[in-house]
Amino acid sequence: RFAYASLMKDFAKVSAINEFKRIVSIDSMHIPSYLSLAEIKSKDFFEYNNSVRKLSDEFYASLQKYANEDFYEAEKYYRKVLLIDSMNYEANKNLSLLYESAGYPEKGIPLLKKLLSKKNDDKDIHLILGLLYYKTSRLKECYNEYQKAISLMNKKEKEDFTFNTVKFLIEPAYKNVIEKMSDRQLNNFIELYWKVYDPLYMTDYNERLLEHYSRVVFSNLHFSVPELGLVGWKTNRGEVVLRYGEPLNFIRIRPSMGENGLMMKTEVWDYKDFSFGFTDM
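Source: prediction; values computed, not measured.

Engineer: Please explain the packing of helix α9 (residues 155–178) against helix α11 (residues 207–223) as it appears in this structure.
Structural biologist: Each packed pair of helices is defined by two parameters, the angle between the axes and the distance between the axes. Two elements in contact, α9 and α11, have axes separated by 11 Å at closest approach and are oriented at 95°. Classified by the interaxial angle, the pair formed by α9 and α11 is roughly perpendicular. On the side of α9, the interface is formed by Phe161, Thr162, Thr165, Val166 and Leu169, while α11 contributes Arg208, His212, Tyr213, Val216 and Val217. Grouping the constituent residues of the contact of α9 with α11 by class yields six nonpolar, three polar and one charged.

This is how it looks when you write it as structure tokens:
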């Protein structure tokens, strides 16, 4: 039954959900089925959160009610897993990500700390925990988690996280200077750049650098597409987050057919003085 349900996940979602539910009615301890149900409902929440459907030129219908239902159902299934196995890696990690996306980062912190109490050398968990600390204004803890994560990265990962993302950020403003520099000179330039933009010298950490790292982690979590080889901060949305931070609010307009033809799925991100639109062709 589980193999059958798993095969249907991509092309017959409703049938897959019904089959996974049958499995847990037969075996209430079947963790893979609970995780599969949670994964499906989490994806639906991520997809429909802050979404609207265009009904006319002037009227848009909110789909938030359905997104909220998906959130609570996904949370329920993850919690079912944790009742059976409180240290389950996938449930703790993915539930913390669900909380982050729903605006409850404080709820994810204990889940990640629990995982680290068992295995403290997980780079990805340190990065996610650093982001959640940042979002709850616990900057000292955020700094510690990012430092730990960086120490666990291989050379390529560390270069991408601490060097390439910053080079990409500052290149438009300092292009003429940067292209004449060696990598060593550029490293020194980046170090000086962060010192100049440190807003509070009396702390042990650079608040602006923590903000940058958090933007990178957020982009990689939300916009990466591993099967296409896309790294989150290198995507269009990732670049905007890197430069301007997360939007003050966003809305996702669902694809639809109207009198003027097909309307593509579009996200509109609002900042204080400007907005961005992203269309999925």
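Engineer: For this particular structure, what's the right way to read the packing of aromatic side chains?
Structural biologist: The description of an aromatic ring pair uses the distance of the two centres, along with the angle that the planes make with each other. Applying the stated criterion across every chain yields a total of 22 aromatic pairs. Here the aromatic rings of tyrosine 193 and tryptophan 194 are separated by 5.1 Å at their centres, their planes lie at 70°, and the arrangement is edge-to-face. Look at tyrosine 271 and phenylalanine 276: their rings are 6.1 Å apart centre to centre, the planes differ by 90°, and that puts the pair in the edge-to-face class. By relative accessible area, which is 25% here, phenylalanine 276 ends up partly exposed. By the ring-pair criterion, three or more aromatic residues cluster together here, those being Phe218, Phe223, Tyr244, Trp269, Tyr271, Phe274, Phe276 and Phe278. Above the ring of phenylalanine 168, the side-chain terminus of arginine 243 is found at 5.1 Å from the ring centroid. Over the face of the ring belonging to tyrosine 48 we find arginine 254, whose NZ or CZ atom lies 4.3 Å from the ring centre.

Engineer: Explain the pattern of salt bridges to me, please; I cannot follow it from the model alone.
Structural biologist: Pairing between side chains becomes possible if they bear opposite charge and their charged atoms approach one another. For the structure shown, the criterion picks out 23 salt bridges. With a closest N to O distance of 2.6 Å, glutamate 100 and lysine 135 form a salt bridge. Of the two residues, glutamate 100 is situated in helix α5 (residues 89–102) and lysine 135 in helix α7 (residues 123–135); the sequence distance between them amounts to 35 residues. Taking the relative accessible area as the measure of exposure, glutamate 100 reaches 5% and is therefore buried. A relative accessible area of 28% places lysine 135 in the partly exposed class. Across the salt bridge formed by aspartate 280 and lysine 265, the nearest N and O atoms sit 3.9 Å from each other.

Engineer: It is not clear to me how unusual backbone geometry should be interpreted in this structure. Could you clarify?
Structural biologist: Leave glycine aside and you will find that most residues have negative phi; peptide bonds, for their part, are mostly trans. Although it is not a glycine, asparagine 50 adopts a positive phi angle of roughly 60°. When you line up the elements, asparagine 50 lands in the loop between α3 (31–48) and β1 (51–54).

Engineer: It is not clear to me how the sheet that holds β1 should be interpreted in this structure. Could you clarify?
Structural biologist: Strand pairs in the sheet, formed through backbone hydrogen bonds, run parallel or antiparallel to each other. Pairing is mixed in the open sheet, where five strands are placed in the order β2-β1-β3-β6-β7. The open sheet has two free edges, formed respectively by β2 (60–62) and β7 (275–280), since each of these has just one partner strand. Neighbouring strand axes in the sheet, compared pairwise and without regard to direction, differ in orientation by 25° on average. In the sheet, β1 pairs with strand β3 (residues 249–253) via two bridges, with the strands oriented parallel.

Engineer: Looking at this structure, how should I read the nonpolar core?
Structural biologist: If you look at the biggest cluster of nonpolar residues, it comprises 43 residues, and the most contacted ones within it are Leu127, Tyr146, Phe161, Ile170, Ile190 and Trp269. Sorting the residues of this core by element identifies α6 (105–118), α7, α8 (139–152), α9, α10 (183–196), α11 and α12 (236–244) as the ones contributing at least two each. Discounting residues that sit within four places of it in the chain, leucine 127 has contacts with Tyr146, Ala149, Met153, Phe161 and Val217. One finds Ala5, Ile23, Phe45 and Ala67 within the second-largest nonpolar core, a separate group that totals 26 residues.

Engineer: So what exactly am I meant to see when it comes to the environment of tyrosine 193 here?
Structural biologist: Its place among the elements puts tyrosine 193 in helix α10. Separated by 27 residues in sequence, tyrosine 193 and valine 166 place their C-alpha atoms 9.6 Å apart. Excluding residues that lie within four positions of it along the chain, tyrosine 193 makes contacts with Val166, Leu169, Ile170 and Tyr174.

Engineer: Hey, could you run me through the environment of lysine 167 in this one?
Structural biologist: Mapped onto the elements, lysine 167 comes out in helix α9. In this structure, the C-alpha to C-alpha distance between lysine 167 and leucine 186, residues 19 residues apart in sequence, is 8.3 Å. The residues contacting lysine 167, other than those within four sequence positions of it, are Ile178, Leu186 and Ile190.

Engineer: Is there a simple way to explain the side chain of aspartate 122 in this structure?
Structural biologist: Positionally, aspartate 122 belongs in the loop between α6 and α7. Within the buried core, aspartate 122 has no salt-bridge partner, and the shortest N-O distance to an opposite charge, that of lysine 119, equals 5.0 Å. At 3.1 Å, the side chain of aspartate 122 and the backbone nitrogen of aspartate 124 are in polar contact. At 3.1 Å, the side chain of aspartate 122 and the backbone nitrogen of isoleucine 125 are in polar contact. Contact partners of aspartate 122, with chain neighbours within four places excluded, come to Tyr89, Leu116 and Leu152.

Cut-offs and rules
Residues numbered from 1 in each chain as written. Predicted model: local features only at pLDDT ≥ 70, side-chain atom pairs only at ≥ 80, totals over all residues. Heavy atoms only, no water. Axes fitted to C-alpha atoms, helices over the stretch in contact; angles between N-to-C directions. Helix = DSSP H or I, 4+ residues; strand = E, 2+ residues; numbered from the N terminus. Parallel < 35°, antiparallel > 145°, perpendicular 65-115°, else oblique. Contact = heavy atoms within 4.5 Å. Nonpolar A, V, L, I, M, F, W, Y, C, P; charged D, E, K, R; others polar. Phe/Tyr/Trp six-rings, centres within 6.5 Å; stacked < 30°, edge-to-face > 60°. Buried < 20%, exposed > 50% of the residue type's maximum accessible area, 1.4 Å probe, protein only. Lys NZ or Arg CZ within 6 Å of the ring centre and 35° of its normal. Salt bridge = Lys/Arg side-chain N within 4 Å of Asp/Glu carboxyl O. Pairing = 2+ DSSP bridges. Core = buried A, V, L, I, M, F, W, Y, C linked by side-chain atoms within 4.5 Å. Lys, Arg positive; Asp, Glu negative; His and termini not counted. Polar contact = N/O pair within 3.5 Å; in protein donor to acceptor, adjacent residues only side chain to side chain.

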